[in-house]
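Read off the chains here:
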Protein chains: 2
Amino acid sequence: MRTVFRAQLDQCVHDLAAMCDLAVAAMRGATQALLTGDLRTAERVIADDVQLDRARSRCEDRAYSLLARQAPVAGDLRVVLAAVHAADTIERMGDLAAHVAATARRRHPDPVLPDQLRPTVATMAQTAITLADSAGTVIRDHDLALADTVEHGDEVVNVQHQQVFTLLMSQDWPHGVATAVDVSQLSRFYERYADHAVSLARRMVYVTTGRRRPPRLDNAA
Amino acid sequence: MRTVFRAQLDQCVHDLAAMCDLAVAAMRGATQALLTGDLRTAERVIADDVQLDRARSRCEDRAYSLLARQAPVAGDLRVVLAAVHAADTIERMGDLAAHVAATARRRHPDPVLPDQLRPTVATMAQTAITLADSAGTVIRDHDLALADTVEHGDEVVNVQHQQVFTLLMSQDWPHGVATAVDVSQLSRFYERYADHAVSLARRMVYVTTGRRRPPRLDNAA
């Protein structure tokens, strides 16, 4: 019974790793579209988002079927539910990538970002994507040491997010209101994506080890 | 056994109704702080948010204990898990209210909103709060007819959100970049809050009746 439970849980974890890969690819594509004005990539990211929505549903169904068939005890129950929660988080990361792609599409053929902001946003995107990629490795390889390094990775993105806002809010911002609004939204999308990646890595440590970490109060919404 | 399960589930639903009341009160307070520059109220909303975080934890614990003791079958299992998901959604609504209050606090004693925008934002806030209040009634009174009217209520807020963005993005926006960025964020907070209220009402129909509605693809993140 215990072996069957573990095998089915491993299948859930395998699904989550594949979902995380999709969320990473989506944000990579969306960022490329944003930085290069590549309309086709933007549209592909938006269209592909439904794959992550479906994968979340499948993962949830699999977990619920596992619960119903195996009726795990309290600790295992929480582990399975953490996996369901993780799938939900990854789906939202995909939504955020689609929001970035939609911004690029809305402005096409005009660039969204003024040249001054491109390096900052590119760095922020890279930090966020690296965190998500690391969360994927934590899921796939049960790499708990890596989970520890991811743990505070969102703080770097939070600082970058603040820097973008300081630029936008400065008296001598020369790029106009519409660009400022777009950039503020984009910055928030990357910051939220990074937050989700970190909470995902934390949750997967719990799924893998059953070791609970103290909850962080999420500033998500 | 079945009666015990139902009684414990009813307790969960009772907790959710109380949580929803807190989320409504939080957004009412935050909006008052925003519109009147009332710093004390802004600080109270921000400080009180931890109550909703704790209530979510308690609700989750209660649901998990219910699952572990009663080991419900597949249908009931989903109902309990939908209640857990609902608690998560209400917590996020509280986070959004705290974000609104934080914006009011950050600009104090300056007003966040130019006079031109105050009626629009006040209307948007009222629509969002009414939706959340209705979701609370759906939870408390199992009012399925009301749930149907809430169903598309977020579309009104989406239109208001678009109107705010059209104003911000117009060539003759006279209020500067910092205000535009603040208003765009606030508008998004209300829009997300309304989305969550609608998804909450849908979920509670399921918790109450076990009748599943087709999932809506959430544009949340």
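Model, not experiment: these values are computed from the prediction.

## Brief notes about the overall build of chain A
- Check the secondary structure of chain A and you find seven helices and zero strands.
- When the helices and strands of chain A are placed in sequence order, the string is α-α-α-α-α-α-α.
- Taking 17 Å as the expected radius of gyration for a compact globule of 221 residues, we find that chain A reaches 19 Å, a close match to that expectation.
- By principal-axis analysis of the C-alpha atoms, chain A measures approximately 65 × 35 × 25 Å.
- Counting the 221 residues in chain A, one finds 56% classified as buried.
- Partitioning the intrachain contacts of chain A with sequence separation of at least 6 by distance along the chain shows that 83% fall at a separation of at least 24.
- Accessible surface for chain A amounts to roughly 9,300 Å². Of this, 52% is attributable to carbon and sulfur atoms.

## Considerations on the UniProt feature "domain: PhoU" (unreviewed entry) in chain A
- Feature annotation in UniProt places "domain: PhoU" (unreviewed entry) on residues 18-102 and 122-203 of chain A, given in this structure's numbering.
- Segment residues 122-203 of chain A splits into 87% helix and 0% strand. End C-alpha atoms: 27 Å apart.

## Quick notes on the pattern of salt bridges
Residue and element names in this part refer to chain A.
- With the rule as written, the count across this model stands at 22 salt bridges over all chains.
- Its salt-bridge partner being E151, residue R202 comes within 2.2 Å of it at the nearest N-O pair. A residue pair is termed long-range when its members are at least 10 positions apart, and R202 in helix α7 (residues 177-209) and E151 in the loop between α5 (144-150) and α6 (153-169) qualify at 51 residues. The same class applies to R202 as to E151, namely buried.
- Members of the salt-bridge network, linked through shared partners, are R56, E60 and E91.

## What to know about the interface of chain A and chain B
- Contacts between the two partners involve 38 residues from chain A, matched on the other side by 38 residues from chain B.
- Inspection of the chain A/chain B interface yields zero salt bridges.
- Counting every contact that joins chain A to chain B gives zero residue pairs in polar contact (both at pLDDT 80 or more).
- Of all the secondary-structure elements, those providing two or more residues to the side of chain A that touches chain B are α2 (39-70), α3 (74-107), α6 and α7 of chain A.
- A breakdown of the residues in the side of chain A that touches chain B according to their chemical character gives 20 nonpolar, seven polar and 11 charged.

Each value, and the rule that gives it
- Residues numbered from 1 in each chain as written.
- Chains lettered and ligands numbered in written order.
- Predicted model: local features only at pLDDT ≥ 70, side-chain atom pairs only at ≥ 80, totals over all residues.
- Heavy atoms only, no water.
- Helix = DSSP H or I, 4+ residues; strand = E, 2+ residues; numbered from the N terminus.
- Rg over C-alpha atoms; globule rule 2.2 N^0.38 Å.
- Buried < 20%, exposed > 50% of the residue type's maximum accessible area, 1.4 Å probe, protein only.
- Contact = heavy atoms within 4.5 Å.
- Areas by Shrake-Rupley, 256 points an atom, 1.4 Å probe, with all protein chains shown as cover.
- UniProt positions renumbered as here; feature names shortened; annotations may be inferred.
- Salt bridge = Lys/Arg side-chain N within 4 Å of Asp/Glu carboxyl O.
- Polar contact = N/O pair within 3.5 Å; in protein donor to acceptor, adjacent residues only side chain to side chain.
- Nonpolar A, V, L, I, M, F, W, Y, C, P; charged D, E, K, R; others polar.

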